[in-house]
Amino acid sequence: MALSLLLAATAIGGCALLTDRRATAREVAAEADYPPTGQILMVEGRRVHAHVQGQGPDLVLIHGASGNTRDFTFALVDRLAQDYRVIAFDRPGLGWSDDMGPEGISPMMQARLLQAAADQLDVRRPIVLGHSYGGAVAMAWGLTDTPDTAALVIVSGATMPWPGGLGPFYAITGSRIGAATVIPAITAFAPPDRAEAVIDGIFAPAPPPPGYADYVGAGLTMRRDTLRINAAQVTGLKPHVTRMAEAYPRLVLPVEILHGTADTIVPARIHAVPLSERLPDAALTLIPDAAHMPHHSHPDAVIAAIHRAAARAGLR
């Protein structure tokens, strides 16, 4: 019996060592293949990655869950930089920005850190756009005591409490056991086509743009710490947006809300429509047949919403 236990422990230890080595090698390769596209700021002792491009009124972009600035710099930033100074941030713990620890689960705390980073860049009266989870951070940005936010643009935003849970993936990866066992295995052994399948699911029913999967840096999102932090942020979001929703009616700044009617990841009827009803100065645009990524599938609609927000704020 003792020998059997020793052999089992040795086998488990060997598997863990192999997993750790493979995961580390993949993380090193991903970071070499997908370096920061912008500058690294030191904010309150933490790194914050900011991609800054263009001239004009300040426009802050905040990406969604599992993402990074590359989701925006793939194509959208080049177009926006013709009219705005665009500042795209990696949210805390994702891309090239450092984690905030337990307080990073709060969109309000994420917004405060990114506001401090924006201050270093001399950002003034920004329009703040948030996509998906980033929509919650953009709403939090508007709710903080920073007085000079010009307008918000919420694209496919996860901004309201929702019924039910989040499905088995987040239930597993958001648990302690899953974080310790499943996540390292994903990092070490998940085949490349698995990442492409996840991207396809986010864009479905339309395909992702050609070249997007190669550019966006799926390897960065597959790092162990990134998977753990993302799972903690997503599974911890609901209580925060529940509290934030109570404060939405006091937001008097202009808010443009865009949402695809075919979005099954963050449904418009649960998020965009009730959000528009809670805000004093909101304009809701539902994009027929668009899914969760309208800034790629319908970029003209997103850019038009930004222009409308700028005009309503007196910036154009």
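All values reported here derive from a predicted model rather than from experimental measurement. (Residues numbered from 1 in each chain as written. Predicted model: local features only at pLDDT ≥ 70, side-chain atom pairs only at ≥ 80, totals over all residues. Heavy atoms only, no water.)

(A) Structural detail: the overall build of the protein. If you tally the helices and strands in the protein, you get 16 helices and eight strands. A globule of 316 residues ought to have a C-alpha radius of gyration of about 20 Å, and the protein, at 20 Å, matches this closely. Once the C-alpha set of the protein is aligned to its principal axes, its extents read approximately 75 × 40 × 40 Å. Classification of the 316 residues of the protein by burial places 52% in the buried group. Counted over contacts in the protein with a minimum sequence separation of 6, partners at least 24 positions apart contribute 79%. Charge centroids of the protein, computed over 25 positive and 29 negative side chains, lie 4 Å from each other. (Helix = DSSP H or I, 4+ residues; strand = E, 2+ residues; numbered from the N terminus. Rg over C-alpha atoms; globule rule 2.2 N^0.38 Å. Buried < 20%, exposed > 50% of the residue type's maximum accessible area, 1.4 Å probe, protein only. Contact = heavy atoms within 4.5 Å. Lys, Arg positive; Asp, Glu negative; His and termini not counted. Charge placed at Lys NZ, Arg CZ, Asp CG, Glu CD.)

(B) Here's a closer look at the environment of G178. Here G178 shows up in helix α7 (residues 176-180). G178 sits 50 residues away from R228 along the chain, and the two C-alpha atoms are 9.1 Å apart. Not counting the four nearest positions on each side in its chain, G178 is found in contact with I172, I183 and P184.

(C) View of the pattern of salt bridges. All told, the structure shown has twelve salt bridges when counted by the stated rule. With its nearest N and O atoms 2.8 Å apart, the salt bridge here joins D20 to R224. In this pair, D20 sits in helix α1 (residues 2-33) while R224 sits in helix α12 (residues 224-235), placing the two residues 204 residues apart along the sequence. Judged by relative accessible area, D20 falls into the partly exposed class, the value being 37%. Overall, the relative accessible area of 12% leaves R224 in the buried class. Taking the shortest distance from any N to any O, the salt bridge between R47 and D98 comes out at 3.0 Å. Of this pair, R47 sits in strand β2 (residues 46-53) while D98 sits in the loop between β4 (85-89) and α4 (107-120), and the two are 51 residues apart along the sequence. Accessibility expressed as a relative area gives 34% for R47, which makes it partly exposed. A relative accessible area of 22% means that D98 is categorised as partly exposed. By sharing partners, the salt bridges in this structure join E256, D281, R308 and R312 into a single network. (Salt bridge = Lys/Arg side-chain N within 4 Å of Asp/Glu carboxyl O.)

(D) Representation of the sheet that holds strand β6 (residues 151-155). Strand order in the open sheet formed by eight strands is β1-β2-β4-β3-β5-β6-β7-β8, with mixed pairing between adjacent strands. At either end of the open sheet lies a strand with only one pairing partner, and these are β1 (39-43) and β8 (282-287). Direction aside, the axes of adjacent strands within the sheet are offset by 20 degrees on average. Here strand β5 (residues 127-131) pairs with β6 via five bridges, running parallel. The residue of β6 that forms the bridge with H131 is V155. Lying on the sheet, α4 is in contact with β1, β2, β3 (58-62) and β4; it crosses β1 at an angle near 115 degrees. Across the sheet, helix α16 (residues 299-312) touches β3, β5, β6, β7 (255-260) and β8, and the angle it forms with β7 is around 165 degrees. (Pairing = 2+ DSSP bridges. Axes fitted to C-alpha atoms, helices over the stretch in contact; angles between N-to-C directions.)

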